[in-house]
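# Survey of secondary and tertiary structure
The lines below spell out each chain.
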Amino acid sequence: MKSPTILLSTVIAACYQSAMALKPRTCGAPADAVPFYRAYDSARTDHWYTYDVNALNDFNPQGWLLQNVLGLVFLTEEEGTAPLFHMYNGAVMDNFYTMNTSEVTAAQESGYKISSNPLTVYIYPTQVCGSVPVYRLYSGSETDNFYTTSESERLDFITNEGYKDVEITGYVLPLGCS
Ligand SMILES: *[C@@H]1O[C@H](CO)[C@@H](O)[C@H](O)[C@H]1NC(C)=O
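So, a few notes on the structure that sits alongside this text. (Residues numbered from 1 in each chain as written. Predicted model: local features only at pLDDT ≥ 70, side-chain atom pairs only at ≥ 80, totals over all residues. Heavy atoms only, no water.)

On to the sheet that holds strand β3 (residues 65–73), then. Strand order in this open sheet of three strands is β2-β1-β3, and the pairing throughout is antiparallel. Single-partner strands in this sheet number two, and they are β2 (46–50) and β3. Within the sheet, the average angular offset between the axes of one strand and its neighbour, ignoring direction, is 25 degrees. Bridge count between strand β1 (residues 34–41) and β3: seven bridges; the pairing is antiparallel. Each residue of the ladder has a partner; that of Pro35, found in β3, is Leu72. (Pairing = 2+ DSSP bridges. Helix = DSSP H or I, 4+ residues; strand = E, 2+ residues; numbered from the N terminus. Axes fitted to C-alpha atoms, helices over the stretch in contact; angles between N-to-C directions.)

A separate point is the sheet that holds strand β10 (residues 164–172). As summarised here, the arrangement of the three strands in space is β9-β8-β10, forming an open sheet in which the pairing is antiparallel. Both outer strands of the open sheet, β9 (144–148) and β10, are each paired with one neighbouring strand and no more. The sheet shows a mean angle of 25 degrees between the axes of neighbouring strands, taken without regard to direction. As paired strands, strand β8 (residues 132–139) and β10 are joined by seven bridges and run antiparallel to one another. The partner of Tyr135 across the bridge, within β10, is Ile168. Here helix α4 (residues 151–160) sits on the sheet in contact with β8, β9 and β10, set at roughly 15 degrees to β8. (Contact = heavy atoms within 4.5 Å.)

Okay, here's the thing in structure tokens:
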């Protein structure tokens, strides 16, 4: 696998161009959207998503390997978007993301804490502005919440990896360059 630093700069350049092609009105400005990277730690069986390239590089030596990009997200609450809360439970080693504040409360009651590092990102709660679904899957045996915008990957995780469909978490701008 290539070093994260090289891979990331390539992905960013290509994806900004595809996002710029969209012409929204009641949408966030695509030029503001940034890649939401997916890293995976096989020792913890935990998927972690972040826009923070420095954090990815910092955690890389601890076993977190960059896998791909979920899509493009916003760092401020732009038109039509809402917060995607990031929670973490160290006891079961699981990163969890949801837009649903009832779920945030329920997760807090079961040991998850809201993570402020990295900052909350903002995505679309409905499929508008050229966005695509973020599928949320869960493995009870591994205590892992997993998110993907790839239909084929979703089916692969259900068929071969023991994950189950949970919901569509929200909608992100597609890369168009995966
Ligand atoms: C939010 O989560 C609660 C608890 O799981 C659920 O009952 C409710 O339907 C969810 N709301 C939405 C909009 O998905």
